[in-house]
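Secondary and tertiary structure notes
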Amino acid sequence: MQIQFYTRPNCPLCDEAKLMLQLVAEDVDIEIEEINIEKNDQIHEKYLIRIPVIEQDGQVIQEGRIDYPTLFEALSN
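In this text the structure is predicted, and so the values were computed from the model without any measurement.

The next point concerns the packing of aromatic side chains. Overall, the coordinates contain two aromatic pairs when judged by the stated rule. On the numbers, 4.2 Å between centres and 25° between planes, the contact of Tyr6 with Tyr47 is stacked. Of this pair, Tyr6 sits in strand E1 (residues 2–7) while Tyr47 sits in helix H2 (residues 41–47), placing them 41 residues apart in sequence. Of the two residues examined, Tyr6 and Tyr47, each falls in the buried class. With 5.7 Å between their ring centres and 10° between their planes, Tyr68 and Phe72 make a pair best called stacked. Taken as a pair, Tyr68 and Phe72 lie in helix H3 (residues 68–75) at a separation of four residues, close to a single helical turn.

What follows is the structure in structure tokens.
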């Protein structure tokens, strides 16, 4: 299963979210597409105050503070 992880450099919340994604990836078969919002003006404008954002099939699963239980439940179904 493919998910999109919107992030940017020097973002402590993004670093925490990446760790949560890695933990979930140990239990659920996911492929993480990491997207640096600073490389695309349109994406940057959309996600600037929301990152980190995790999406699957265009639907936001979680944003801001990312936690294992919410991610696991959303991605294991």
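So, on to the sheet that holds strand E2 (residues 31–36). Strands sit in the order E2-E1-E3-E4 across an open sheet of four strands; the sheet is mixed. Sheet topology places E2 and strand E4 (59–63) at the edges, where each strand pairs with a single neighbour. For this sheet the average axis-to-axis angle between neighbouring strands, irrespective of direction, equals 25°. Where strand E3 (residues 53–56) meets E4, four bridges bridge the pair, whose relative direction is antiparallel. Along E4, the bridge assignment pairs Gln56 with Gln59. Lying on the sheet, helix H1 (residues 12–27) is in contact with E1, E2 and E3; it crosses E1 at an angle near 160°. Where H3 meets the sheet, it contacts E1, E3 and E4, and its direction lies at approximately 160° from that of E4.

Cut-offs used in this document
- Residues numbered from 1 in each chain as written.
- Predicted model: local features only at pLDDT ≥ 70, side-chain atom pairs only at ≥ 80, totals over all residues.
- Heavy atoms only, no water.
- Phe/Tyr/Trp six-rings, centres within 6.5 Å; stacked < 30°, edge-to-face > 60°.
- Helix = DSSP H or I, 4+ residues; strand = E, 2+ residues; numbered from the N terminus.
- Buried < 20%, exposed > 50% of the residue type's maximum accessible area, 1.4 Å probe, protein only.
- Pairing = 2+ DSSP bridges.
- Axes fitted to C-alpha atoms, helices over the stretch in contact; angles between N-to-C directions.
- Contact = heavy atoms within 4.5 Å.

Interpretation in functional terms is not warranted from these geometric data alone.
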